[in-house]
Amino acid sequence: MRVLLGIIFLVAGLPNLVNAQTNSYAFGIKGGLTAGFQKWDSFERDPLYSYHGIVFIESAPEENLNALFAQVGFHERGSAIRNRNNFRFDASGNVRPFNGPSQKFIFRNVSLVLGAKKKFDLGNKFAYYMLGLRGEYTVDTNLEEYDEYIQRGFFQFPFEGAVRKINYGALVGGGFEFPFTELIGGIIEFSVNPDLSQQYFSPALQNPITHPITGNPVTVGERKIMNTSFEITVGFRFLRKVVYID
């Protein structure tokens, strides 16, 4: 449904842009804070607080009420476990519970978004909402930090081999544009970024495996992980204005 709405929104905005009597466009850089959430099967983890950075380009018709945009960014997706179910290995290799720093599960993704904006003139600034289709590639994770846990039989931890590098999803958000000068402005926006594909998938093992410590048989079930991220973003927007003279 989100994908269909995105296509409809993009198509609806095309006529205004095609008929515009200008080749002006805007570009800029923006970034900010990310709160990443993951659903591990039916279990919600704690949020991962991280960051993102984005470069973008968008159409800039004369009335500045509709725009198509493209943006490329770096985003840390993921989740965390805070002050519960945490444990570590002591010098003798024994497991000890502790209340300490969060255990973080980080997926470092490069994202491409194609979308459209609908703007509303508020006098000295513009409010807007936006909708886009998003593709992502995972360039790195921190899951190797938990290899020792898995080797010791804690199979609830995710492992690098089950990470799906290519994912897709949606972007829904809104914000404000406010001018500093005629050609330079600021941006404040908020967006929700739900994945429509699985960041991680490991199938259930057909036969129990032997626990490396106890020697008992252990059943390992299927695991699916999906991302949803909330982002607060600020940035600068630069207008390249083209004026035709008869």
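Visitor: How should the environment of Tyr146 be read in this particular structure?
Guide: Along the chain, Tyr146 falls in the loop between β8 (126–141) and α2 (147–151). Sequence separation between Tyr146 and Pro158 is twelve residues; the distance between their C-alpha atoms is 7.8 Å. Among all residues touching Tyr146, those that are not within four sequence positions of it are Gln103, Lys104, Phe105 and Phe157.

Visitor: Is there a simple way to think about unusual backbone geometry in this case?
Guide: Negative phi values dominate among residues other than glycine, just as trans dominates among peptide bonds. One non-glycine residue, Asn64, lies in the positive phi region at around 55°. Locating Asn64 in the fold gives a position in the loop between β3 (48–59) and β4 (66–81).

Visitor: I would appreciate a short explanation of the confidence of the model for the chain in the present structure.
Guide: Confidence in the prediction for the chain averages 83 pLDDT; 76% of positions are at 70 or higher. Ignoring residues within four places in sequence, the model shows residues 1–21, a span with pLDDT below 50, making 26 contacts including any to other chains.

Visitor: Sorry, what's going on with the pattern of salt bridges here?
Guide: When charged atoms on two side chains of opposite charge get close, those side chains can pair. If you walk through the whole model with that rule in mind, you get 15 salt bridges. As a salt-bridge pair, Glu58 and Arg237 come within 3.0 Å of each other at their nearest N and O atoms. With Glu58 in strand β3 and Arg237 in strand β14 (residues 223–240), the pair connects residues that are 179 residues apart, well separated along the chain. For the residue pair Glu58 and Arg237, the accessibility class agrees, reading buried in each case.

The rules behind these values
- Residues numbered from 1 in each chain as written.
- Predicted model: local features only at pLDDT ≥ 70, side-chain atom pairs only at ≥ 80, totals over all residues.
- Heavy atoms only, no water.
- Helix = DSSP H or I, 4+ residues; strand = E, 2+ residues; numbered from the N terminus.
- Contact = heavy atoms within 4.5 Å.
- pLDDT = per-residue confidence, 0-100.
- Salt bridge = Lys/Arg side-chain N within 4 Å of Asp/Glu carboxyl O.
- Buried < 20%, exposed > 50% of the residue type's maximum accessible area, 1.4 Å probe, protein only.

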